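Okay, here's what each chain looks like letter by letter:
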Amino acid sequence: MASNSVRDIPFITSAGTEAGSAPIPASNNGISSEPGKQKNPRRPLRRLNPGIILPLLAGVIFLVLWEYQVFHRIFDLKKYQLPLPSAIAEAMRDNFSLLLSYTGYTLTEAVLGMLIGSACGFLIALAATAWPRWGGGSLTMVAALNAVPIVALAPIMNLWFGDGIGSRAAIVTATTMAAMAINAYKGMAAVDPLALDLMHSYAAGKPAVFRYLRIQNSLPYVFTALKINATASMIGAIVGEFFFSSRGLGYLLSNSIKVAKMPLGWSCIVLAAIAGVIFYLVVERLEKAFIKWHPSQRA
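Cut-offs used in this document
Residues numbered from 1 in each chain as written. Predicted model: local features only at pLDDT ≥ 70, side-chain atom pairs only at ≥ 80, totals over all residues. Heavy atoms only, no water. Helix = DSSP H or I, 4+ residues; strand = E, 2+ residues; numbered from the N terminus. Buried < 20%, exposed > 50% of the residue type's maximum accessible area, 1.4 Å probe, protein only. Areas by Shrake-Rupley, 256 points an atom, 1.4 Å probe, with all protein chains shown as cover. Axes fitted to C-alpha atoms, helices over the stretch in contact; angles between N-to-C directions. Left-handed = near helix turned anticlockwise from the far one by under 90°. Nonpolar A, V, L, I, M, F, W, Y, C, P; charged D, E, K, R; others polar. Salt bridge = Lys/Arg side-chain N within 4 Å of Asp/Glu carboxyl O. Parallel < 35°, antiparallel > 145°, perpendicular 65-115°, else oblique. Contact = heavy atoms within 4.5 Å. Core = buried A, V, L, I, M, F, W, Y, C linked by side-chain atoms within 4.5 Å. Phe/Tyr/Trp six-rings, centres within 6.5 Å; stacked < 30°, edge-to-face > 60°. Expected span 1.5 Å × (residues − 1).

Peer 1: So what about the overall build of the protein? Which residues, and what values?
Peer 2: When helices and strands are counted, the protein shows 12 helices and 2 strands. Each helix and strand of the protein, ordered N terminal to C terminal, gives the series β-β-α-α-α-α-α-α-α-α-α-α-α-α. Buried residues in the protein amount to 33% of all 299 residues. In the form shown here, the protein has an accessible surface area of approximately 19,000 Å², with 66% of it arising from carbon and sulfur atoms.

Below, the structure written as structure tokens:
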């Protein structure tokens, strides 16, 4: 008979006499059989996410090389051309309240314009899908509008909407409409033919097909467009502030360059980048919450 995993051996009492036999479990590769006492040596390693550690490490190395003027020597730059990180941090500390107020103003323009532009783009995609003969040409018009440079749109929008938040929101609307329209249309058009036949077999009308099939299928494409627009909206708002504005990061950046306050100008760039990243992460979090059913969110 093959050897069992548990064998009986005699054991000795405290009086020195043999009291009987007690089972001793076979070796379990050094892992205790008692619950709660098992040790997993790989668990601390799993907590070190390479997707977080590696970018942070690269960022620290980049800042150290920048602070010790390695890039200045490579590209033959002066300190007034490329301020050191310490000088930028000092400018941010001295002008924190002003920078925070202007960042909120620019972010408001970007969010408002992106929401309006994305909504308009989604409606255009709906029209192009529902009425391909008549709505298909709207996609071409939106693509043509997106090809117009922001520097050409800024004076026109300022003339139409005045020197206020509306003109920059209109610029962002024009720059974010095309990405949403094209991506949403692709998602609505690329439905599974078998799913479409199943809806028709249930005598589903066009509104039901759009609601339960086409719009659901377009959600991953919609969030892709939103993530693109999250960064494009910040660019449109800041560039629009360069020309006609009395507030915002673009306005402060333009004036700082004119009076040679380069650390303050770079502070605007840093805050714009941080705001854009936060905006992108918010959209990414919403994507994970709304399309948990999609295969891309199951990993």
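Here the narrative resumes, following the displayed structure.
Peer 1: So what's going on with the packing of helix α5 (residues 96-130) against helix α10 (residues 206-243)? Which residues, and what values?
Peer 2: Where α5 contacts α10, the axes come no closer than 7 Å and their chain directions differ by 145°. Note that α5 runs across α10; the crossing there is right-handed. Split into classes, the residues belonging to the contact of α5 with α10 amount to 15 nonpolar, 6 polar and 4 charged.

Peer 1: I'd like to hear about the pattern of salt bridges, residue by residue, with values.
Peer 2: Overall, the coordinates contain 2 salt bridges when judged by the stated rule. The salt bridge involving E109 is made with R168; its shortest N-O contact spans 3.1 Å. Of this pair, E109 sits in helix α5 while R168 is found in helix α8 (residues 165-189), placing the two residues 59 residues apart along the sequence. Like R168, E109 is buried.

Peer 1: I'd love a proper account of the packing of helix α9 (residues 193-201) against α10, names of residues and values included.
Peer 2: Packing of α9 against α10 brings their axes to within 11 Å, and their N-to-C directions diverge by 150°. Taken together, the axes of α9 and α10 lie roughly antiparallel to each other. Where α9 crosses over α10, the handedness of that crossing is right-handed. Where α9 abuts α10, its residues A195, L196 and M199 lie against A208, V209, Y212, L213 and R214. Broken down by class, the residue content of the contact of α9 with α10 amounts to 7 nonpolar, no polar and 1 charged.

Peer 1: Hey, could you go over the nonpolar core for me, with residue numbers and the actual values?
Peer 2: Within the largest apolar cluster, 16 residues are counted, with the highest numbers of intra-cluster contacts made by F122, M180, A184, V222, L226 and V283. It is α10 that provides the largest number of residues to this core, a total of 6 residues. Discounting chain neighbours no more than four positions away, the residues touching V222 are F122, M180 and A184. Counting residues in hydrophobic clusters, the runner-up holds 15 residues, among them L99, M234, C268 and A272.

Peer 1: Residue-level account of the packing of aromatic side chains, with values.
Peer 2: Tallied over the entire structure, the rule returns 5 aromatic pairs. Consider the rings of F62 and F71, whose centres lie 5.1 Å apart with planes at 40°: the pair is tilted. Here F62 falls in the partly exposed class, since its relative accessible area comes to 43%. The class of F71 is buried, set by a relative accessible area of 17%.

Peer 1: I'd love a proper account of helix α2 (residues 50-67), names of residues and values included.
Peer 2: Between its first and last C-alpha, α2 extends 25 Å over 18 residues, near the 26 Å set by a 1.5 Å rise per residue. Positioned one or two residues after α2, Q69 has a phi angle of 60°, which is positive.

Peer 1: How would you sum up the side chain of S267? Please name residues and give values.
Peer 2: Residue placement: S267 occurs in helix α12 (residues 262-290). Using a relative accessible area of 0% as the deciding quantity, one classes S267 as buried. For S267, the contacting residues outside a window of four places in its chain are I88, A91, M92 and L99.

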